[in-house]
Amino acid sequence: MRDLLSIRRSFFAYLDEMSLITVLLPYSYFHGESTAFLLKGEKHPINLVIESKEKMQHFVKYKCRLNEKIQIGQKYEVEDGNKGITDLQIGAVIRTPSFDEEFYYDGPLGVDYSSNQRIFYLWAPTAQQVKLVLQSPDLSNKERTIVEMERQEKGVWKTIYEDEVEGYFYSYLVLINLEWKEAIDPYAVAVSVNGETGVIVDLNKTRRQKPVLPALDHAVDSVIYEAHIRDLTIHPDSGIQQKGKYLGVTELNTETNKKKPSGLSYIKDLGVTHIEFLPVHDFEEIDELEVLKKYNWGYNPSHYNVPEGSYSTDPIDPYVRINELKEMIYTVQEQGIRVILDVVYNHVYKKEDSSFEKIVPGYFFRYDKYGMPSNGTGVGNDIASERSMVRRYIVDSVRFWIEEYQIDGLRFDLMGILDCQTMKEVRAICDNVDKSILIIGEGWDLATPINHDEKAIIANQQLLPRIGQFNDQFRDKLKGSTFDIYDRGYALGNKQYKDEIPELLAGSIGTYKDKGMFFEPGQSVNYVESHDNHTLWDKIDICFSNESAEEKIRRHRLATSLVLLSQGIPFLHSGQEFFRTKYGVENSYQSPDEINQLDWNRKDQYLNNVEYIKGLILLRKRNKAFRLQSVEDIQRHVTINQQSNDIIQYLLHDLQGFKDEWVTILVLINVNDSAEEAYCSEEDWNIIVEDGVVYQDEYPSVHGDRIMMNPISITILAK
């Protein structure tokens, strides 16, 4: 049954629309000529009406109209005028709106383990047969049980199995276009080691109560810290025992060689509100039995609803990875930190190997006008989120992670591949559970064949309320172009961008431009560094190779400060606060641990800067002025001016209603290589930040209308 049939066809026939069949006759077959075609099925034969005939390079193409409706999933044959016969294959019909309408299904899918019976559901509308394959977890027993499934409405196949099958391996055999293929359930929630087959588990055994979290009134109250599980824990001097594992993240009170906090306790002390973990869904290219042989970020998705096994202490036992990931999430939340998971619904690792393609060939992926797979993702396939059952899958998967793993947010990799309607439904699903759940994504406009006004990109942000986007203008104008290592942004001394900075500080909402990128400050995710591309330190190190370490530190500190002081959502890459380096490697997704690991000794080396960033985070949390929730509030309370010596004055004023510590805050920004005089009003001010120091109390004061600023620095005054 597992062997594919050897199929020989003299000619080919495809169902390309509900009432259109395309027939291809090779020139080697009766010179490609036929005067008639007949469709044969279980009922009476149907004469096909030839609408067009076109000579191609290798065959003659006939488009034939059907005058009767046929049942997709049943076997049909096409007979030509030469009495030859071929099977009718499923063609482009699968990508038509009429197919979507006819086969949209909103009932149960996956394995229902909630009753005494085990019920299996699979959506495979083009299949002629589907069989469930079960195998005992006892590896000495190689026997496989094959169970016939019954076709239901909307192309769903179902079977009920009475016996206990907890822990059993399972898969599906699907017959489409005369070819049997074996596939793992797309809705599988557990898999065997290295994702070779699905596993039936009882998730009720893994449930736990979610800890109570600090309130999060608005997205702009967030401070996001991006981390990779392996990077965070694997350094020899991390003080963490379970290096590279979910459980390594759960270890508390770990210390560096200098007895300073590391790991999760360090992150808690830093004061961030969210940790965003790079993908934890099951991904390819890491052998779960020999984990340290290779490194990967996790953007090669295979099983979307299953935790990755390489982070587990026992990838062979399917329950262990589930329980350990839940333990990690629970422990992070217990520290008062919310958990965001990075999700990759825009592509799969290999289209041909994916369960989507094996079970419903041609449906889950986009194709261009020439019938070739589209490649906006750059990896050879784009998920077709606009199709109803693809959209349903994404929404179901999001719901699963929120309800089963109790996460607090999602970061959508290459979100611009997806469509706006899907993302709006994702937002609605999150709101049904908890309106404080964050949704952020990469809204890059990539070359994928859906209409521009349907894409979930920055340009369509008016259609995506309460969905944040990574602000690439903030990144590139402060740091310099991501794609040109020698291009310098404003924080690196390039004053050509100085007129752009007020808009970025004000949340990119159109206060200082005719048209803003965003319609609310919570849509702007402000950052200068992430796992992608060069770290900020490495870019500075390359651009200013002849500068002193102190000058590089000043540039880095200024750029990171502006991330935390601007309106919107601040985003930090783990280790950014201690000048993380990847030793010049631009994209380290396959570099060894020596390049990617978080160097905890470096944290101890630059403890002063860590304390500075910690102080800025606390300052932001204590003052709503840095996290205004609406366009109106920003327009009312923010004024930004530039002095003739290029000092930027970022004034937050009339703050009485916020009941914070300060009524007026003045942020002064000097990117000059020289010390400069900055102007303030002729009043008494408290200095709360000055040249890498954040004062918590006993503030120095300044009298008069001006203050001298050090080169490449930020000073914050308040009263």
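Residues numbered from 1 in each chain as written. Predicted model: local features only at pLDDT ≥ 70, side-chain atom pairs only at ≥ 80, totals over all residues. Heavy atoms only, no water.

Next up on the list: the overall build of the protein chain. A count of helical and extended segments in the protein chain gives 16 helices and 35 strands. Expected size for 719 residues packed as a compact globule is a radius of gyration near 27 Å; at 29 Å, the protein chain falls within 12% of this value. Expressed as lengths along the three principal axes of its C-alpha atoms, the size of the protein chain is roughly 100 × 55 × 50 Å. Sorting the 719 residues of the protein chain into buried and exposed places 61% on the buried side. Once local pairs closer than 6 in sequence are excluded, the contacts in the protein chain between residues at least 24 apart make up 69%. When the accessible surface of the protein chain is totalled, it reaches about 28600 Å², and 46% of it is carbon and sulfur. One way to put it: in the protein chain the 80 positive side-chain charges average out to a point 2 Å from where the 112 negative ones average out. (Helix = DSSP H or I, 4+ residues; strand = E, 2+ residues; numbered from the N terminus. Rg over C-alpha atoms; globule rule 2.2 N^0.38 Å. Buried < 20%, exposed > 50% of the residue type's maximum accessible area, 1.4 Å probe, protein only. Contact = heavy atoms within 4.5 Å. Areas by Shrake-Rupley, 256 points an atom, 1.4 Å probe, with all protein chains shown as cover. Lys, Arg positive; Asp, Glu negative; His and termini not counted. Charge placed at Lys NZ, Arg CZ, Asp CG, Glu CD.)

A large share of strand β26 (residues 569-573) lies buried, amounting to 5 of its 5 residues. Of the two faces of β26, the one holding I569, F571 and H573 and the one holding P570 and L572 are both buried throughout. Looking at chain direction, strand β17 (residues 224-227) and β26 are connected through 3 bridges and run parallel. Opposite I224, over in β26, you have F571 as the bridge partner. Pairing of strand β25 (residues 524-526) with β26 involves 2 bridges; the strand directions are parallel. Within the sheet, the bridge partner assigned to V525 lies in β26 and is I569. (Pairing = 2+ DSSP bridges.)

Next up on the list: the pairing of strand β27 (residues 638-642). Here β27 pairs with strand β28 (residues 648-652) via 5 bridges, running antiparallel. Residue pairing for β28: I640 is matched across the bridge by Y650. Here β27 hands over to β28 after 5 residues, with D646 in that stretch at a positive phi of 75°.

Strand order across the open sheet formed by 4 strands is β8-β9-β13-β12, with antiparallel pairing between neighbours. Pairing within the sheet leaves two strands with one partner each, and these edge strands are β8 (110-112) and β12 (150-151).

On average, residues of the protein chain carry a pLDDT of 96, and 99% of them reach 70 or more. This stretch, residues 1-5, has a pLDDT under 50; its non-local contacts, to residues over four places away or in other chains, come to 9 contacts. (pLDDT = per-residue confidence, 0-100.)

Here the focus is the packing of aromatic side chains. The tally for this structure, following the rule as stated, stands at 34 aromatic pairs. Seen in terms of ring centroids, W297 and Y299 are 6.4 Å apart; in terms of plane orientation they differ by 90°. Their pairing is edge-to-face. By relative accessible area, which is 4% here, W297 ends up buried. Assessed through its relative accessible area of 12%, Y299 is described here as buried. (Phe/Tyr/Trp six-rings, centres within 6.5 Å; stacked < 30°, edge-to-face > 60°.)

We now examine empty space enclosed by the protein. Under the counting rule described, the total for this entry stands at 8 cavities of 30 Å³ or more. Taken as a whole, the largest cavity encloses approximately 130 Å³ of empty space. Lining the largest cavity are 15 residues, with L109, W123, P186, Y187 and F364 positioned closest to its centre. Elements that contribute at least two residues to the lining of the largest cavity include exactly β9 (118-123), α6 (355-359) and α7 (388-404). For the lining of the largest cavity, the residue count by class is 12 nonpolar, 2 polar and 1 charged. (1 Å grid on protein atoms, 1.4 Å probe; cavity = no way out; pocket = protein on both sides within 12 Å on 5 of 7 lines; lining within 4 Å. Points joined across faces, edges and corners; volume = space filled by probe spheres on them. Nonpolar A, V, L, I, M, F, W, Y, C, P; charged D, E, K, R; others polar.)

On to the packing of α7 against helix α8 (residues 420-433), then. Where α7 contacts α8, the axes come no closer than 10 Å and their chain directions differ by 25°. The angle between α7 and α8 places the two elements in the roughly parallel class. The handedness of the crossing between α7 and α8 comes out as right-handed. Across the interface between the two elements, R391, I394, V395, V398, R399, I402 and E403 from α7 touch Q421, T422, E425, V426, I429, C430 and V433 from α8. Partitioned by chemical class, the residues of the contact of α7 with α8 number 8 nonpolar, 2 polar and 4 charged. (Axes fitted to C-alpha atoms, helices over the stretch in contact; angles between N-to-C directions. Parallel < 35°, antiparallel > 145°, perpendicular 65-115°, else oblique. Left-handed = near helix turned anticlockwise from the far one by under 90°.)

With that out of the way, let us pick up the sheet that holds strand β18 (residues 274-277). Reading around the circumference, β17-β18-β21-β22-β23-β24-β25-β26 is the order of the 8 strands in this closed barrel, with parallel pairing throughout. Each neighbouring strand pair of the sheet contributes to a mean axis angle of 30°, computed without reference to strand direction.

With that out of the way, let us pick up unusual backbone geometry. One non-glycine residue, H31, adopts positive backbone phi at about 60°. As for its position among the elements, H31 is in the loop between β2 (20-26) and β3 (37-40). Positive phi outside glycine occurs at N533, with the angle close to 65°. Assignment of secondary structure puts N533 in the loop between β25 and α11 (536-543).

What follows covers the packing of helix α12 (residues 549-565) against helix α15 (residues 607-622). Axis separation between α12 and α15 bottoms out at 9 Å; the angle between their running directions is 20°. The angle between α12 and α15 places the two elements in the roughly parallel class. In this structure, α12 crosses over α15, and the sense of that crossing is right-handed. Contacts between α12 and α15 involve R557, T560, S561, L564 and L565 from the former and N609, Y612, I613, L616, I617, L619 and R620 from the latter.

Attention now goes to α15. One turn of an α-helix holds 3.6 residues; hence residues three or four places apart share an orientation. Here α15 is 16 residues long and its end C-alpha atoms lie 22 Å apart, about the 22 Å a rise of 1.5 Å per residue gives. Listing the buried residues of α15 in full gives N609, V610, Y612, I613, G615, L616, I617, L619 and R620. (Expected span 1.5 Å × (residues − 1).)

Here E327 lies in helix α5 (residues 318-334). E327 sits 78 residues away from Y405 along the chain, and the two C-alpha atoms are 9.6 Å apart. With residues up to four places along the chain from it excluded, the contact list for E327 reads R208, L247 and T250. In terms of polar contacts, E327 uses its side chain to reach the side chain of R208, at 2.8 Å. (Polar contact = N/O pair within 3.5 Å; in protein donor to acceptor, adjacent residues only side chain to side chain.)

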